[in-house]
Amino acid sequence: MRYNMDFLVAALIFLIVLWHHFMKQRQYAGNKTEKTFQIFMMLGIGDILLDMVSTVVIDNSRPEFARMLYVILLLFYLCQLLIPPVLYLYTLALAGGAVEEKLSGIRCLLLLPTVVLTVLVMGNFQTGLLFSVTANGAYIRGPLYLMMYMQAVWYGLVIGGESIRNYQKLGKRKFGIIWEILFIMVSCVLLQGFYQEVLLTGFAIALCLMVLLLAFQNPYVYTDNLTDFWICNVFRSGQKNSADANGIFMWQLLISGS
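Residues numbered from 1 in each chain as written. Predicted model: local features only at pLDDT ≥ 70, side-chain atom pairs only at ≥ 80, totals over all residues. Heavy atoms only, no water.

Undergrad: Is there a simple way to explain the packing of helix α3 (residues 66-94) against helix α7 (residues 147-165) in this structure?
TA: For any two helices packed against each other, the geometry is given by the interaxial angle and the distance between the axes. The N-to-C vectors of α3 and α7 enclose an angle of 5°; their axes lie 9 Å apart at closest approach. Between α3 and α7, the interaxial angle falls into the category roughly parallel. In contact with Y77, Q80, L81, P84, P85, L87, Y88, T91 and L92 of α3, α7 contributes M148, Q151, A152, Y155, V158, I159 and E162. Here the contact of α3 with α7 is built from residues that sort into 12 nonpolar, three polar and one charged. (Axes fitted to C-alpha atoms, helices over the stretch in contact; angles between N-to-C directions. Helix = DSSP H or I, 4+ residues; strand = E, 2+ residues; numbered from the N terminus. Parallel < 35°, antiparallel > 145°, perpendicular 65-115°, else oblique. Contact = heavy atoms within 4.5 Å. Nonpolar A, V, L, I, M, F, W, Y, C, P; charged D, E, K, R; others polar.)

Undergrad: In this structure, what is going on with the nonpolar core? I would like to understand it.
TA: If you look at soluble globular proteins, the nonpolar side chains tend to sit buried side by side. Core analysis: the biggest nonpolar cluster contains 69 residues, and F37, F40, Y77, Y139, I181, L209 and L212 have the highest contact counts within it. Counting only elements with at least two residues in this core, the list comes to α1 (6-24), α2 (34-59), α3, α5 (112-122), α7, α8 (167-194) and α9 (201-215). For this core, the element with the most residues is α3, which contributes 16 residues. Not counting residues up to four positions away in its chain, the partners in contact with I181 are L87, C208, V211 and L212. (Core = buried A, V, L, I, M, F, W, Y, C linked by side-chain atoms within 4.5 Å. Buried < 20%, exposed > 50% of the residue type's maximum accessible area, 1.4 Å probe, protein only.)

Undergrad: How should I be thinking about the confidence of the model for the protein in this particular structure?
TA: In this model, the protein carries an average pLDDT of 80, and 77% of its residues clear a pLDDT of 70 or more. A low-confidence stretch, residues 239-258 (pLDDT under 50), is modelled with 21 contacts involving residues beyond four sequence positions or located in other chains. (pLDDT = per-residue confidence, 0-100.)

Undergrad: Please explain the pattern of salt bridges as it appears in this structure.
TA: Any two side chains of opposite charge can pair, on the condition that their charged atoms come close. Inspection of every chain in the model, using the stated rule, returns one salt bridge. For E162, the salt bridge identified is with R165, shortest N-O distance 3.7 Å. In this pair, E162 and R165 both sit in helix α7, three residues apart, roughly one turn of the helix. (Salt bridge = Lys/Arg side-chain N within 4 Å of Asp/Glu carboxyl O.)

Undergrad: How should I be thinking about a nonpolar patch on the surface in this particular structure?
TA: On the surface, L109, L112, V115, V116 and V119 cluster together into a nonpolar patch covering about 460 Å² of accessible area. The biggest single contributor to the nonpolar patch is α5, with four residues. Along the chain, L112 turns up in helix α5. (Patch = residues over 30% accessible without salt bridge, like charges linked within 9 Å, V, L, I, M, F, W, Y side chains within 5 Å. Areas by Shrake-Rupley, 256 points an atom, 1.4 Å probe, with all protein chains shown as cover.)

This is the structure we're talking about:
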């Protein structure tokens, strides 16, 4: 099977541009979603790069590439299975929960599929349940290959449920954007499940990150257009989150471009 990488190349260029603008115009340090967004973006870039490299090696399979291909695929599978739970944690942060806070027992159970898949990926060399690489360097899907797609759909359902549960905290705008992202992710995952030669998941990640950057990580949402000062509620939130361990606030006033 020959894979179509056109969407991957476009997604990688798109994500590099997004990363440049995000790092150049980062929001205030107290934003609860910023750390999770950075992790999401790094995983996305890593996922697309590994997907591209593995595709090139698979299309030019040789015996001497077999071990290298297995390592690349291992890292690629790990990146891909971490993206859905990171998006889930981002959704919780949007609803007002800090990423560092301890998750409840039920929410920990919701992360169980990621733990199971991580064990399967790490033990795949012995079992070949997810994939295998022959001595000639050929890539073969394992009997549980579709579990990667099932995990993505599972977290789509979990994120949808959390958004409904926290509708009052999220508000209409955030709620709608979360469902827009879910539609993009689940649609692309299902399409790639049926048309596996067209690599769409990386493109879906890039689109979702673009939506999140424009909607929630846009620094201009947090400053006054005329003065470049923080708006009042953001300033107060920033001071609350910058308190040190002794409860002493580190008061600071940031002026854009100063």
